[in-house]
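# A structural walkthrough
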Amino acid sequence: MLRKASVLLGLAVLLSLLFPVKPLLEGSGIDPQGWRLPVVDLAALCAVLAIPPAWFLFRDARLAARIPRWSVWVVLLALCSLLFLLLHVSWSADLFVAWVAAALADGLLPAWISQHALVDTIELAARLGVLVSLVGVLVHLETEHYENATPEPQPQPRRRRSRK
């Protein structure tokens, strides 16, 4: 169940990354950073809205029966998808930025790294992780076993004609 949910969530996040919402808003004169939703960011809202198309892709490709039982790619996909979504939920993003600020103040991180650059880098790593791990999952899908499939016909051996 968790592997199916992680692949579905990864598909939704990947589909949401394909929506050019931020450039469309900027092109229409709306500031995407000023358009804050109460709990989730615009990217997380796009990921939630991408769940129905991801579900249709999931069902059409019969991925539930084809996902391997255990794979590093499935685990990596779940982690990257959750990291991406947590960076776009307001309370967890604020908590992460506060942790980064405290780590910079305590000297745990180098001083040349800024808070926003580190958060943007981690978000980019999560996006790339979703892309790479979803490709890894799709490449390592198992073949479907059909119970009602007819066996392939075997070629008949040729008989030699005898000479009289």
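Residues numbered from 1 in each chain as written. Predicted model: local features only at pLDDT ≥ 70, side-chain atom pairs only at ≥ 80, totals over all residues. Heavy atoms only, no water.

## Quick word on the side chain of E123
With respect to the helices, strands and loops of the structure, E123 is situated in helix α8 (residues 115-139). You can call E123 buried: its relative accessible area is 15%. Those residues in contact with E123, other than ones at most four positions away along the chain, are F84, L87 and H88. (Helix = DSSP H or I, 4+ residues; strand = E, 2+ residues; numbered from the N terminus. Buried < 20%, exposed > 50% of the residue type's maximum accessible area, 1.4 Å probe, protein only. Contact = heavy atoms within 4.5 Å.)

## Thoughts on the packing of aromatic side chains
By the definition in use, this model includes two aromatic pairs. Each ring, one from W55 and one from F58, has its centre 5.9 Å from the other, and the planes form 25°; the classification is stacked. Of this pair, W55 and F58 both sit in helix α4 (residues 51-60), three residues apart, which is roughly one turn of that helix. Judged by its relative accessible area of 5%, F58 falls in the buried class. Relative to W99, the ring of F96 lies with its centre 6.0 Å away and its plane at 25°, an arrangement referred to as stacked. Here the residue F96 and the residue W99 both occupy positions in helix α7 (residues 90-106), the gap between them amounting to three residues, near one helical turn. (Phe/Tyr/Trp six-rings, centres within 6.5 Å; stacked < 30°, edge-to-face > 60°.)

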